[in-house]
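Tertiary structure, described
Here's the letter readout for the chains.
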Number of protein chains: 2
Amino acid sequence: MKVSQLSRASGIPIPTIKFYVREGVLEPGIPTSRNQADYTNEHLRRLRLIRTLVEIGGLNLSRIRDVVAAVDDQTLNTHELLGLAHHALAPRVGGKLRTPDDPLTVAAVDRFLRDLGWRVSAANPARAVLAAALATLGQTGGGADISAFEPYAALADQLARQEVATLPPAASRAAAVEAAVIGTVVYEAVLLALRRLAQEHHSAVRFGGEDR
Amino acid sequence: MKVSQLSRASGIPIPTIKFYVREGVLEPGIPTSRNQADYTNEHLRRLRLIRTLVEIGGLNLSRIRDVVAAVDDQTLNTHELLGLAHHALAPRVGGKLRTPDDPLTVAAVDRFLRDLGWRVSAANPARAVLAAALATLGQTGGGADISAFEPYAALADQLARQEVATLPPAASRAAAVEAAVIGTVVYEAVLLALRRLAQEHHSAVRFGGEDR
């Protein structure tokens with residue numbers, strides 16, 4: 001297909017498509033004349049992946065380059081590929097956490113995860129989030145006892161087991177990454193929103209607020 | 001105490017304390033001479049609350065004003081006060097969600113919450129997050145069936161019931177708000193981080209990635 005057709009099919013403007021080719025995240029089309037090139041369904045699939053990474057994942061170009069390179073790197077297996085896509089989506093929340101200034105906090109997180117028996121890589125950025133959460137609780141006098149995380153770990157384990165078991169079979173590596181990005185971003189939002197709504201409900205039940 | 005002592009005790013620089021007084025979120029001290037004023041433990045408690053709202057909650061001055069006004073408004077009961085503090089912390093996640101362009105999406109969320117039997121106010125901003133999540137799934141072809149949220153709602157219900165039941169008795173309205181802000185920000189981060197770690201673990205189990 002021509003670049004104009006590729007643009008219509010992907011919903012991405014022609015100048016943006018040319019930008020992606022220049023930046024090396026999209027292969028150039030096959031030249032058919034001095035001013036025209038031919039694009040395939042492979043190009044379209046790649047553009048759809050990039051669009052998801054930008055629009056849903058909120059990734060910048062440098063992170064998109066990493067993810068796209070991982071999709072193309074056939075030495076990575078599916079588990080490694082999804083891990084990489086996952087790590088590119090930095091977890092962020094509504095407020096701020098403090099940076100732990102003490103190696104004991106990081107060691108406590110390592111021990112906690114080991115005791116759970118979870119197989120997680122040292123590179124998973126969620127480890128640092130847990131350490132920062134622990135440091136924040138300690139510095140605000142809330143008490144830095146990591147055992148308070150246990151009920152959360154039990155629920156997270158239950159949820160993740162279910163989520164991984166019901167992953168639909170992906171048609172391709174790009175489709176698997178797309179599904180992982182959408183699933184992560186959307187269901188993190190769903191989980192936090194439902195927790196807040198449930199908290200309002202249980203607070204109403206316990207503290208006797210009236211319906212309005 | 002003098003303003004210099006208040007500054008030391010709260011960890012907040014004197015110019016920032018004066019700024020908070022000018023902006024009306026901190027009562028002025030009681031004048032003791034032309035250039036000096038006396039500050040009480042009440043001032044210190046208020047500064048600690050403001051510091052938590054800024055440093056952990058990431059709130060700007062206008063939202064701080066709302067929260068502080070609610071703490072002072074004795075016509076609000078604890079449930080209403082905590083709800084207001086909660087709503088001031090906009091839920092945010094690592095990626096982006098699309099805005100629903102269709103009233104059916106919002107209606108589906110309302111019906112979903114009603115079917116759960118949860119007592120949640122129409123003003124809870126988490127409703128809009130759920131609608132945006134549903135819209136994002138629909139627009140990316142992931143399927144916009146809200147029943148996919150059910151397992152998340154069941155876990156959120158379980159978690160929130162536990163969290164509300166174990167809330168420590170707050171010494172004051174300000175302390176209750178502080179605890180709510182810290183709890184919300186820190187445990188949202190903990191929950192998402194643990195879910196991601198558990199996903200890596202279960203992905204390793206299912207897809208046979210090796211330990212590294």
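The rules behind the values
- As a convention, each chain's residues are numbered from 1 in the sequence order in which they are written.
- As they are written, the chains are lettered A onward and the ligands numbered 1 onward, keeping that order.
- Only residues with pLDDT of 70 or above have their local features reported here, since the model is predicted, and side-chain atom pairs are shown and tallied only from 80 upward, although totals for entire chains, interfaces and linings are computed over all residues.
- As a rule here, side-chain values cover all heavy atoms of the structure and leave hydrogens and water aside.
- In DSSP terms, a helix is any run of H or I states spanning at least four residues, a strand is any run of E spanning at least two, and both are numbered starting from the N terminus.
- The atom set for the radius of gyration is the C-alpha atoms, and the globule formula is 2.2 Å times the number of residues raised to the power 0.38.
- With a 1.4 Å probe rolled over the protein chains alone, any residue whose accessible area is under 20% of its type maximum counts as buried; one over 50% counts as exposed, and the rest are partly exposed.
- Note on definitions: a residue-residue contact is assigned when non-hydrogen atoms from the two residues lie within 4.5 Å.
- Charge counting follows a simple rule: Lys and Arg are positive, Asp and Glu are negative, and His as well as the terminal groups are ignored.
- By convention, charge coordinates are those of NZ in Lys, CZ in Arg, CG in Asp, or CD in Glu.
- A residue counts toward the fit only if its pLDDT is at least 70 in both copies, and the copies are then superposed by least squares on the C-alpha atoms of those residues.
- Here the quantity called buried area is the accessible surface, traced with a 1.4 Å probe, that two parts lose on coming together, added over both.
- We define a salt bridge as a contact between a side-chain nitrogen of Lys or Arg and a carboxyl oxygen of Asp or Glu at a distance within 4 Å.
- Any N or O atom pair separated by 3.5 Å or less is treated as a polar contact, with the protein-specific requirement of one donor-capable and one acceptor-capable atom, and with residues adjacent in sequence counted only for side-chain atom pairs.
- For this analysis, a nonpolar core means a set of buried residues of the types Ala, Val, Leu, Ile, Met, Phe, Trp, Tyr and Cys, connected via side-chain atoms within 4.5 Å.
- Side-chain rings of Phe, Tyr and Trp, where Trp is taken by its six-membered ring, are said to pair if the distance between their centres is within 6.5 Å; with planes under 30 degrees apart they count as stacked, over 60 as edge-to-face, and otherwise as tilted.
- Known as pLDDT, the predictor's confidence for each residue is given on a scale from 0 to 100.
- Axes, fitted as lines to C-alpha atoms, cover a helix only where it is in contact. Angles between the N-to-C directions of the axes lie from 0 to 180 degrees.
- Each angle is binned into one of four classes, with values under 35 degrees roughly parallel, values over 145 roughly antiparallel, values of 65 to 115 roughly perpendicular, and all other values oblique.
- Rotating anticlockwise by less than a right angle from the far helix to the near helix defines a left-handed crossing, while the corresponding clockwise rotation defines a right-handed one.
- By the convention adopted, Pro, Cys, Tyr, Trp, Phe, Met, Ile, Leu, Val and Ala count as nonpolar, Lys, Arg, Asp and Glu as charged, and the other residues, Gly among them, as polar.

Quick look at the overall build of chain A
On a plain count of helices and strands, chain A comes out with nine helices and two strands. The order of helices and strands in chain A, counted from the N terminus, is α-α-β-β-α-α-α-α-α-α-α. In terms of overall size, chain A is more extended than a compact globule, its C-alpha atoms giving a radius of gyration of 22 Å where 212 residues would be expected to give roughly 17 Å. With the C-alpha coordinates of chain A rotated into their principal frame, the extents come out at 70 × 50 × 30 Å. Expressed as a percentage of its 212 residues, the buried residues of chain A come to 47%. Counted over contacts in chain A with a minimum sequence separation of 6, partners at least 24 positions apart contribute 63%. Treating the 24 positive side-chain charges of chain A as one cloud and the 22 negative ones as another, the clouds have centres 7 Å apart.

Quick word on the relation of the copies chain A and chain B
Between chain A and chain B, the superposition needs a rotation of 180° and an axial shift of 0.0 Å, giving an RMSD of 0.0 Å. On this basis, the relationship between the two copies can be described by a two-fold rotation axis. By residue overlap, the copies meet face to face through one surface: 100% of the interface positions of chain A are interface positions in chain B.

Notes on the interface of chain A and chain B
Listed as interface residues are 82 residues of chain A and, on the opposing side, 82 residues of chain B. Of all residues in chain A, His79, Arg119 and Arg196 of chain A give up the largest surface area on contact with chain B, accounting jointly for 10% of the area buried on that side. Across the chain A-chain B interface, the total number found is six salt bridges. The residue Glu163 of chain A makes a salt bridge to Arg195 of chain B at a minimum N-O spacing of 3.0 Å. Counting across the chain A and chain B interface gives 26 residue pairs in polar contact (both at pLDDT 80 or more). Among the secondary structure elements, those contributing two or more residues to the side of chain A that touches chain B are α3 (41–55), α5 (78–88), α6 (103–116), α7 (126–139), α8 (150–165) and α9 (173–207) of chain A. The element that contributes the greatest number of residues to the side of chain A that touches chain B is α9 of chain A, accounting for 25 residues.

Quick look at the nonpolar core
Within soluble globular proteins, side chains that are nonpolar generally end up buried alongside one another. Counting 64 residues, the largest nonpolar core has Phe149 and Leu194 of chain A together with Phe149 and Leu194 of chain B as the members making the most contacts within it. Elements with a minimum of two residues in this core: α6, α7, α8 and α9 of chain A together with α6 (103–116), α7 (126–139), α8 (150–165) and α9 (173–207) of chain B. The residues contacting Phe149 of chain A, other than those within four sequence positions of it, are Phe112, Leu130, Ala133, Leu134 and Leu137 of chain A together with Tyr187, Val190 and Leu194 of chain B.

A closer look at the packing of aromatic side chains
On inspection of all chains with the given rule, the structure shows eight aromatic pairs over all chains. An angle of 20° between the planes, with centres 4.9 Å apart, marks the rings of Tyr187 of chain A and Tyr152 of chain B as stacked. In this pair, Tyr187 of chain A is assigned in helix α9 and Tyr152 of chain B in helix α8, connecting two distinct chains. Residue class for Tyr152 of chain B comes out buried when judged on its relative accessible area of 7%. Through a chain of ring-to-ring contacts, the aromatic side chains of Phe112, Phe149 and Tyr152 of chain A together with Tyr187 of chain B assemble into a single cluster.

Considerations on the environment of Ala126 of chain B
Within the secondary structure layout, Ala126 of chain B lies in helix α7. Once residues lying within four places of it in the same chain are set aside, the contact partners of Ala126 of chain B are Ala193, Arg196 and Leu197 of chain A.

Looking at the environment of Ala126 of chain A
On the accessibility criterion, Ala126 of chain A (1% relative accessible area) is buried. C-alpha of Ala126 of chain A to C-alpha of His87 of chain A: the two residues are 39 residues apart in sequence and 8.4 Å apart in space.

Notes on the side chain of Ser10 of chain B
Residue and element names in this part refer to chain B. Counting through the fold element by element, Ser10 comes out in helix α1 (residues 3–10). On the accessibility criterion, Ser10 (4% relative accessible area) is buried. The contacts of Ser10, once residues within four sequence positions are left out, are Ile17, Leu44, Leu47 and Arg51.

Looking at the pattern of salt bridges
This structure, assessed with the given rule, holds 18 salt bridges over all chains. Between Asp110 of chain A and Arg127 of chain A there is a salt bridge whose closest N-O contact spans 2.9 Å. Placement of Asp110 of chain A in helix α6 and of Arg127 of chain A in helix α7 is noted, with a sequence separation of 17 residues between them. Judged by its relative accessible area of 31%, Asp110 of chain A is partly exposed. Among the residues examined, Arg127 of chain A registers a relative accessible area of 18% and is labelled buried. Arg196 of chain B is paired through a salt bridge with Glu188 of chain A; the nearest N and O atoms lie 2.7 Å apart. Of this pair, Arg196 of chain B sits in helix α9 while Glu188 of chain A is found in helix α9, placing the two residues in two different chains. Relative accessible area serves as the criterion here: at 1%, Glu188 of chain A is assigned to the buried category.

What about the confidence of the model for chain A?
All names here are of chain A. In the predicted model, chain A carries a mean pLDDT of 86, and 93% of its residues have values of at least 70. Looking over chain A, one finds the lowest element-wise mean pLDDT in α5, namely 83, and the highest in helix α2 (residues 14–22), namely 95. We note a pTM of 0.81 for the whole complex and an ipTM of 0.81 for its interfaces.

Focus: the packing of helix α4 (residues 61–72) of chain A against α9 of chain A
All names here are of chain A. It is at 9 Å that the axes of α4 and α9 come closest, and there the two elements cross at 140°. With respect to α9, the element α4 is oriented oblique. The way α4 lies across α9 gives a crossing that is right-handed. Seen from α4, the contacting residues are Val67, Ala70 and Val71; seen from α9, they are Arg173, Ala174 and Val177. Its residues assigned to classes, the contact of α4 with α9 shows five nonpolar, no polar and one charged.

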